[in-house]
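Overview (structure and organization)
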Amino acid sequence: MPNVPITCAQLEDPLEVISSLAALQLRVFNSVSIDRLTYSMEVTPTSKVALITGVTGQTGSILADLLLGLGYEVHGITRGSPSDVPTRLAHIMAGHESMKHRFTLHHCDILDIQAFSEILLATKPAELYNLAAQSSVSVSFKQPHETFRVDGLGVLNVLETVRLFLPTVRVFQASSSEIFGKATTSPQTETTKPHPCSPYANAKLVAHTLARVYREAYNLHVCSGVLYNHESSRRGGNFVTQKIARAAVKISLGLQKTLELGNLDSCRDWGHAKDFADCIWKMMQTDVAEDFIVATGETHTVRDFAKKSFAVVGIEVEFQGTGIHEVGLHSKDGSIIIKVNSNFFRPTEPVHIVGDASKALQKLYWRPSYSVTELVEEMVSAQKKEISKEFELDSLSNLDRPK
Ligand code: GDR
């Protein structure tokens, strides 16, 4: 294997590493650092082409950043309007030429097999990441048909299109820890028996099983990543972590009085979406397609996540009471800043969702790089900036904070 020297300055700019390696017209293995993650990868002179469905979502947009950073030509699919610039992609679409010219946004519904197959044939990706989904568990109880349409039938369409038109493409299917639901084994592994307990989880299990069936029946390179909860500053505001991060900042600034939450005892294995995107990419680089659990192996309650988030803005929360009567009090003045609202309860909840990602460690050399504390700090800090922009506050420090 040729030894290509890389300078420290180059290491700070992965694109430069890739272009200098490409200029040497060599196939080499090397280590590239992108935003605290290190990639051991095979770099080829011709950049790879990737297609991401659901590219405007949190994980889709983070994956787009990652792949562009690795030198890929990236095509993304969204159902959104062609006249809108998706917020999470604005930095790419209005960004540096070196990124912008390698990114194309396509508009189609993955349920539209004709439109989807045209995009697949026009772009001919080496890697297809299927992240398109109705991703809210609570919405799935209210809209089970729509959830099954996108999360179940949509995946069947993607796999059928691949089988018929581009069977050589590598496919990643975003599976979910929700498939385990009321599983009796904890932590869960790739062999744990699923026990879904929501329409969302059920649709995801159908998709997870389809991915295996297409791999085995048609010898397609399809891998499923069983993704546990993954968060970041790009998380949608209807998910509990972002809802908490936002409320903590607003309450600290006197812009909101209370935060209403559902089940405070719910536990989740929360990781950082950047770590998860890294694992998803690594999964796609293996010659044999397999399913992997992607998780941190640690759980925290919603209550704990709230405590940590308020601590970042300097508020200590003391919880009192139980069940629907539990409240979170501001330790300084005893005011109620967190309440339980049964409207946020779900008809059923997974029991103990925590993943064992040993297989990803052994086969992909993947382990999460962010702790939950770092994740909380990042999310709350991002909300501080966001809210200060929204409310056109010149300086947060000038505000009259609640005592
Ligand atoms: P989840 O994420 O359902 O696990 O699915 P969410 O953040 O919605 O809920 C996590 C837990 O928090 C409890 N909870 C609340 N949830 C919301 N949204 N709002 C509240 O006010 C609230 N109060 C308590 C919930 O009951 C739940 O137990 C996420 C999604 O990203 C899925 O797409 C993905 O597949 C799974 O994670 C892994």
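Residues numbered from 1 in each chain as written. Predicted model: local features only at pLDDT ≥ 70, side-chain atom pairs only at ≥ 80, totals over all residues. Heavy atoms only, no water.

Considerations on the packing of helix α3 (residues 58-69) against helix α11 (residues 273-284)
Contact pair α3 / α11: the axes reach a minimum separation of 9 Å and the direction vectors enclose 65°. Pair α3 / α11 crosses with right-handed handedness. Between α3 and α11, the residues in contact are Gln 58, Thr 59, Ile 62, Leu 63, Leu 66 and Leu 67 and Ala 273, Lys 274, Ala 277, Asp 278, Ile 280 and Trp 281, respectively. Grouping the amino acids of the contact of α3 with α11 by side-chain chemistry returns eight nonpolar, two polar and two charged. (Axes fitted to C-alpha atoms, helices over the stretch in contact; angles between N-to-C directions. Helix = DSSP H or I, 4+ residues; strand = E, 2+ residues; numbered from the N terminus. Left-handed = near helix turned anticlockwise from the far one by under 90°. Contact = heavy atoms within 4.5 Å. Nonpolar A, V, L, I, M, F, W, Y, C, P; charged D, E, K, R; others polar.)

A closer look at the pairing of strand β3 (residues 49-53)
For β3, the tally of buried residues reaches five of five residues, placing the bulk of the element in the interior. Of the two faces of β3, the one lined by Val 49, Leu 51 and Thr 53 and the one lined by Ala 50 and Ile 52 are each fully buried. Taken together, the five bridges between β3 and strand β4 (residues 73-78) define a ladder with parallel strand orientation. Residue pairing for β4: Val 49 is matched across the bridge by Glu 73. Once you follow β3 into α3 and on to β4, the crossover reads as right-handed. Inspection of the sheet shows β3 paired to strand β6 (residues 127-130) by four bridges, in the parallel sense. (Buried < 20%, exposed > 50% of the residue type's maximum accessible area, 1.4 Å probe, protein only. Pairing = 2+ DSSP bridges. Right-handed = clockwise from strand over helix to strand, strands pointing away.)

Regarding the site of the ligand
Near the ligand you find 23 residues, and of these Ser 135, Ser 176, Tyr 200, Arg 346 and Glu 349 are the closest. Contact distances for the ligand include 3.0 Å between a nitrogen atom and a backbone N or O atom of Asn 238. Within the side chain of Arg 268, an N or O atom sits 2.7 Å from an oxygen atom of the ligand. Considering the ligand on its own, with 700 Å² of exposed area, one finds that the protein chains cover 96% of that surface. A per-class count over the shell around the ligand returns nine nonpolar, eight polar and six charged. (Near = heavy atom within 4 Å. Polar contact = N/O pair within 3.5 Å; in protein donor to acceptor, adjacent residues only side chain to side chain. Areas by Shrake-Rupley, 256 points an atom, 1.4 Å probe, with all protein chains shown as cover.)

Any link to function would need more than the numbers given here.
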